[in-house]
Amino acid sequence: MKKTSQPLAEMAAERLVQYIVEHQLETGSRLPNEYVLAEILEVGRSTVREAVRRLAARNILEVRQGSGTYISGKKGVADDPLGFTFIKDTTKLTHDLFEIRLLLEPRVAAKAAQYATEQDCLMLEEIVQAIEQSYDEGTDDHVQLDVQLHARLAKMSGNLALDSLLPVIHQSISLINSDFQGKDLREDSRVAHRSILQAVQERDSVKAYDAMLRHILAVSANFEMES
């Protein structure tokens, strides 16, 4: 029985992924209920449940009790896809990650400024304001919001590979965020975020590139000083 049910659940999971892609369902979209999915996938409800469990384990779906099943914001990215949890030298890891960000993110900011829509700018400004509010209120919300800011810029750049790659980098940085977030970087980051936002709003790619470059260099220099 196990030999036949397991492949069926796997096939149902792949069909469900295909359904999501074909219907261009975005992050936060709610899937049809179990009965409808059973008809779409041409399987029983127990197989649907198993397929959903498999995709939830892969961070493709998110099951909210009493609400339904939604497309996960993690886009299938594992919580620690590169195994950074097992690296003991977090200081060296942080340094190396900054090098990667220096290579990628100034160019990302430049492309974001080039392709930004009015809606993009509004969403970016909302994130910047939320980060500033977190600073003012002394909460830790700014950590995740900062990840959202850089991920939003990646999405705005129009590069599909970067849109998927940068969240992985930022999630890995979050693993060691507590090691340097306690340093007094908030005011510098506030100014830097505003500079990046302004450059994007002005559709100035060169200005956006320079603002992001200065931001990462400043954070990196502070880390090197404190470590």
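Residues numbered from 1 in each chain as written. Predicted model: local features only at pLDDT ≥ 70, side-chain atom pairs only at ≥ 80, totals over all residues. Heavy atoms only, no water.

### Here's the deal with unusual backbone geometry
Heads up, the rule is: Note on exposure labels: buried denotes an accessible area under 20% of the residue type's maximum, exposed denotes more than 50%, and partly exposed covers the range between, all computed with a 1.4 Å probe on protein chains only. Strands here mean DSSP runs of E at least two residues long; helices mean DSSP runs of H or I at least four residues long; both are numbered from the N terminus.
For Asn59, which is not glycine, the phi dihedral falls at a positive 65 degrees. The buried category is assigned to Asn59, whose relative accessible area is 14%. Of note in the backbone geometry, Arg203 takes a positive phi value of approximately 60 degrees without being a glycine. Here Arg203 lies in the loop between α8 (186-201) and α9 (205-226). The exposure class of Arg203 is partly exposed, given its relative accessible area of 31%.

### Focus on the confidence of the model for the protein chain
Our working rule: Every residue carries a pLDDT, the predictor's confidence in it, which falls somewhere between 0 and 100. Contacts were defined at the residue level, with two residues in contact if any of their heavy atoms lie within 4.5 Å.
For the protein chain, per-residue confidence averages 84 on the pLDDT scale, and residues scoring 70 or more make up 84% of the total. Element-level mean pLDDT values for the protein chain span from 71 in helix α7 (residues 160-174) up to 94 in helix α2 (residues 34-41). Scored below 50 in pLDDT, residues 1-5 makes one contact in the model with residues more than four places away or belonging to other chains.

### Description of the environment of Gln201
With respect to the secondary-structure elements, Gln201 resides in helix α8. You can call Gln201 partly exposed: its relative accessible area is 34%. On a C-alpha basis, the gap between Gln201 and Gln114 in space is 9.8 Å, while along the polypeptide they are 87 residues apart. Once residues within four sequence positions are removed from consideration, Gln201 is found in contact with Cys121 and Glu125.

### Examining the nonpolar core
Counted only if it meets this: By nonpolar core we mean a set of buried residues, namely Ala, Val, Leu, Ile, Met, Phe, Trp, Tyr and Cys, connected to one another through side-chain atoms within 4.5 Å.
Ranked by internal contacts, the top residues of the largest apolar core, which has 34 residues, are Leu124, Leu153, Met156 and Val200. Mapped by element, the contributors of at least two residues to this core are α4 (90-115), α5 (118-137), α6 (141-156), α7, α8 and α9. Top element by residues in this core is α4. It accounts for seven residues. Not counting residues within four places of it along the chain, the set of residues in contact with Leu153 comprises Val108, Ala112, Leu124, Ile196, Val200 and Met212. Membership of the second largest hydrophobic core comes to 17 residues, among which are Tyr19, Leu31, Ala51 and Leu55.

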